Amino acid sequence: MDARSWAEAPPVANPWFSWSYVEANRADIAEALGQHLTLTVQAVLVAFAVALPLAALVHGRPRLAAAVLGVSGVLYTVPSVALFAILAPFTGIGRTTVLIGLVGYALLVLVRHVLVGLEGVDPGVVDAARGLGYGRMRMLVTVELPNALPSVVVGLRLATVTTVALVTIGVVVGYGGLGQLMYRGFNSAYRAEIVTATVLCLVIAFAADLLLALAGRLATPWAAGRRS
Amino acid sequence: MGGGPAIMSTSIVGDAFVWLNDPLNWRGPQGITALTLEHLGMSVLAVLLAAAVALPVGVWLGQRRGGGAATVALANTSRALPTFALLLLFASTSIGFGNRPTVLAAAIFAVPPMLSSTYAGLRDVDRGVRDAARGMGMSRPRSLALVELPLALPLIAAGVRTATVQVIATVPLAALVGGGGLGPIIITGLATRRFGEVLAGGILVAGLCLLAEGVLALAQRRLTPRAMRTRRPGPLRASTGS
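Note that the coordinates shown come from a computational prediction; the quantities given were computed from them, not determined experimentally. (Residues numbered from 1 in each chain as written. Chains lettered and ligands numbered in written order. Predicted model: local features only at pLDDT ≥ 70, side-chain atom pairs only at ≥ 80, totals over all residues. Heavy atoms only, no water.)

1. Digging into the overall build of chain A
For step 1, the next point in the chain: Secondary structure assignment for chain A yields 11 helices and 0 strands.
For step 2, the next point in the chain: Element order for chain A, N to C, with α for helix and β for strand: α-α-α-α-α-α-α-α-α-α-α.
For step 3, the next point in the chain: Since a compact globule built from 228 residues should have a radius of gyration of about 17 Å, the 23 Å found for chain A marks it as more spread out than a globular shape.
For step 4, the next point in the chain: Expressed as lengths along the three principal axes of its C-alpha atoms, the size of chain A is roughly 90 × 45 × 25 Å.
For step 5, the next point in the chain: Buried residues in chain A amount to 47% of all 228 residues. (Helix = DSSP H or I, 4+ residues; strand = E, 2+ residues; numbered from the N terminus. Rg over C-alpha atoms; globule rule 2.2 N^0.38 Å. Buried < 20%, exposed > 50% of the residue type's maximum accessible area, 1.4 Å probe, protein only.)

So, in structure tokens, the structure goes:
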């Protein structure tokens, strides 16, 4: 095509959505989706594994609990872009940096919710268990944690949904899951790529939220009537 | 990547402090001072835009004590939608690159926290107090202005504070669509592999957010009458700029 016909050619189509894009780039999309999902699951699981013992440890020690809540509130104020920038010089560009950041934010959400759940357990129930001779560990595992479960589930849902959205900021250090697709779409001025990645992000977030809500409902059958 | 980051790290911290201590990096149109002012200017604009929508709607819904479900649904959806996605969508329309799509995206994400706390503030005004105001012959607007809004003010201020810190945390994303503020320090540093600058930029952005949070917390405390100052810890606020 010579220069003249380029100039006269109609503007390139730039649709908001295109099935042919999705079909032609299925492998790419699947890779980004996989990156996004594994990052989210890994971050939430690691954060949960740390948050649970941490909350159990400070539970019943009001001063320590207040300190943990205060520090987590302040740390949560640090923006993800800044956190990735502070981590990147030490942990490099890529997955590790993003994962550490995601674990951090999820941890702050989870600790708070687990702690709130534990503190909210009916003192009468705890008293009754103590009267039955329950030790501290047995009390925690068989009485307090099950009673705190609704709050724990709320924390897990919140942490998961925010993590799904937060993964996209990983673009800053070149590892943003679906965010990588969005950014590529932006840089090549192709809207369909941005929209596809955005829709997938929303689908993951809502699906994960729904799954966790259902799991929570199954795990706390006694709360079903109260919630209605 | 790799390449022994442990060995490099001390020099990176050193580089960051050298960079931050160089007065040349603070002055001029691309200096830290100018960029910080631009960052704050964009943030104020976004907060004002969001407040212009969120506060009236929140007051109206809260007074009617209706629309709570819609407010919650809006907050949940905004949590699931990445700010980055909305920013890129805006930037790929006729809104254009740079600061404009960033301010717009930040403003949209600032609406839910302000809306829900304004709504909650007015909804939770004691019915008896409202009835008393009406019983004394106050008209509805008068009761709203003299009785209900002052009582709701602490919660409204909390919402504005959350939204403001969140906006300041979001504005650095402008760097990814060719905008200004403090974000470009980080993004340019990463692109040119000057990690001292990246670290310095991260420290500046984090510092600005913490400072804003502190100042606003103080302001909110001043706005709250002494009798209403509770020590109840609020819900964890999202300001991570997702």
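2. Observations regarding the interface of chain A and chain B
For step 1, the next point in the chain: Counting residues at the interface gives 42 residues for chain A, matched by 46 residues for chain B.
For step 2, the next point in the chain: Taking both sides of the interface into account, the surface hidden between chain A and chain B amounts to around 3,800 Å²; carbon and sulfur atoms contribute 81%.
For step 3, the next point in the chain: Together, Thr 77, Phe 90 and Phe 186 of chain A form the three largest contributors to the area buried by chain A at its contact with chain B, with a combined 16%.
For step 4, the next point in the chain: At the junction of chain A and chain B, the tally comes to 0 salt bridges.
For step 5, the next point in the chain: The tally of links from chain A across to chain B stands at 2 residue pairs in polar contact (both at pLDDT 80 or more).
For step 6, the next point in the chain: Listed by contribution, the elements that provide at least two residues to the side of chain A that touches chain B are helix 4 (62–76), helix 5 (80–91), helix 6 (95–119), helix 8 (136–167), helix 9 (178–187) and helix 10 (191–219) of chain A.
For step 7, the next point in the chain: In the side of chain A that touches chain B, the residues fall into 32 nonpolar, 8 polar and 2 charged. (Contact = heavy atoms within 4.5 Å. Buried area = accessible area lost by both parts, 1.4 Å probe. Salt bridge = Lys/Arg side-chain N within 4 Å of Asp/Glu carboxyl O. Polar contact = N/O pair within 3.5 Å; in protein donor to acceptor, adjacent residues only side chain to side chain. Nonpolar A, V, L, I, M, F, W, Y, C, P; charged D, E, K, R; others polar.)

3. A short note on the side chain of Ser 78 of chain B
Residue and element names in this part refer to chain B.
For step 1, the next point in the chain: By the element assignment, Ser 78 lies in helix 3 (residues 68–80).
For step 2, the next point in the chain: A polar side-chain atom of Ser 78 sits 3.0 Å from the main-chain carbonyl oxygen of Ala 75.
For step 3, the next point in the chain: Every residue in contact with Ser 78, bar those within four places of it in the chain, is listed here: Phe 109 and Pro 112.

4. Brief notes about the nonpolar core
For step 1, the next point in the chain: Val 172 of chain A together with Ile 186 of chain B are the most contacted members of the largest nonpolar core, which totals 100 residues.
For step 2, the next point in the chain: Excluding residues within four positions of it along the chain, Val 172 of chain A makes contact with Val 81 of chain A together with Leu 176, Ile 186, Ile 187 and Leu 190 of chain B.
For step 3, the next point in the chain: In this structure, Ala 54, Val 111, Val 167 and Val 171 of chain B belong to the second largest nonpolar core, which totals 17 residues. (Core = buried A, V, L, I, M, F, W, Y, C linked by side-chain atoms within 4.5 Å.)

5. A look at a nonpolar patch on the surface
For step 1, the next point in the chain: Taken together, the side chains of Phe 90 of chain A together with Val 13, Phe 17 and Ile 203 of chain B define a hydrophobic patch exposed on the protein surface, amounting to about 300 Å² of accessible area.
For step 2, the next point in the chain: Mapping Phe 17 of chain B onto the fold places it in helix 1 (residues 5–21). (Patch = residues over 30% accessible without salt bridge, like charges linked within 9 Å, V, L, I, M, F, W, Y side chains within 5 Å. Areas by Shrake-Rupley, 256 points an atom, 1.4 Å probe, with all protein chains shown as cover.)

6. Brief notes about the packing of helix 3 of chain B against helix 5 (residues 99–123) of chain B
Residue and element names in this part refer to chain B.
For step 1, the next point in the chain: At a closest axis distance of 9 Å, the pairing of helix 3 and helix 5 adopts a crossing angle of 150°. The orientation of helix 3 relative to helix 5 falls into the category roughly antiparallel. Considering the relative orientation of helix 3 and helix 5, their crossing is left-handed. On helix 5, the residues that touch Gly 68, Thr 71, Leu 74, Ala 75 and Ser 78 of helix 3 are Phe 109, Pro 112, Leu 115, Ser 116 and Tyr 119.
For step 2, the next point in the chain: In terms of residue class, the contact of helix 3 with helix 5 is built from 6 nonpolar, 4 polar and no charged. (Axes fitted to C-alpha atoms, helices over the stretch in contact; angles between N-to-C directions. Parallel < 35°, antiparallel > 145°, perpendicular 65-115°, else oblique. Left-handed = near helix turned anticlockwise from the far one by under 90°.)

7. Some points on helix 6 (residues 127–135) of chain B
For step 1, the next point in the chain: A distance of 2.9 Å separates the backbone nitrogen of Gly 128 of chain B from a side-chain oxygen at the start of helix 6 of chain B, and that oxygen is part of Asp 126 of chain B.
For step 2, the next point in the chain: Looking one or two residues past helix 6 of chain B, Gly 137 of chain B carries a phi angle of roughly 95°, positive in sign.

8. Describing the side chain of Thr 164 of chain B
Residue and element names in this part refer to chain B.
For step 1, the next point in the chain: Following the sequence through the fold, Thr 164 ends up in helix 7 (residues 140–170).
For step 2, the next point in the chain: With a relative accessible area of 14%, Thr 164 lands in the buried category.
For step 3, the next point in the chain: Those residues within four positions of Thr 164 in sequence are excluded, and the remaining contacts are Val 47 and Leu 216.

9. Here we look at helix 5 of chain A
For step 1, the next point in the chain: Listed in full, the buried residues belonging to helix 5 of chain A are Ser 80, Val 81, Ala 82, Phe 84, Ala 85, Leu 87, Ala 88 and Pro 89 of chain A.
For step 2, the next point in the chain: Note on helix 5 of chain A: the residue one or two positions beyond its end, Gly 92 of chain A, has a positive phi of about 85°.

10. Description of the pattern of salt bridges
For step 1, the next point in the chain: Under the criterion given, the structure shown has 8 salt bridges over all chains.
For step 2, the next point in the chain: Asp 28 of chain A is the salt-bridge partner of Arg 184 of chain A, the closest N and O atoms lying 2.9 Å from each other. Of this pair, Arg 184 of chain A sits in helix 9 while Asp 28 of chain A sits in helix 3 (residues 26–58); the two residues are 156 residues apart in sequence, bridging distant segments of the chain.
For step 3, the next point in the chain: For Arg 123 of chain B, the salt bridge goes to Asp 124 of chain B, with nearest N and O atoms at 3.0 Å.
For step 4, the next point in the chain: Owing to a relative accessible area of 49%, Asp 124 of chain B belongs among the partly exposed residues under this scheme.
For step 5, the next point in the chain: Among the charged side chains, a salt-bridge network with shared partners connects Asp 28, Arg 184 and Glu 193 of chain A.

11. Overview of the environment of Gly 185 of chain A
For step 1, the next point in the chain: Along the polypeptide, Gly 185 of chain A turns up in helix 9.
For step 2, the next point in the chain: Residue classification places Gly 185 of chain A among the buried residues on the basis of a relative accessible area of 0%.

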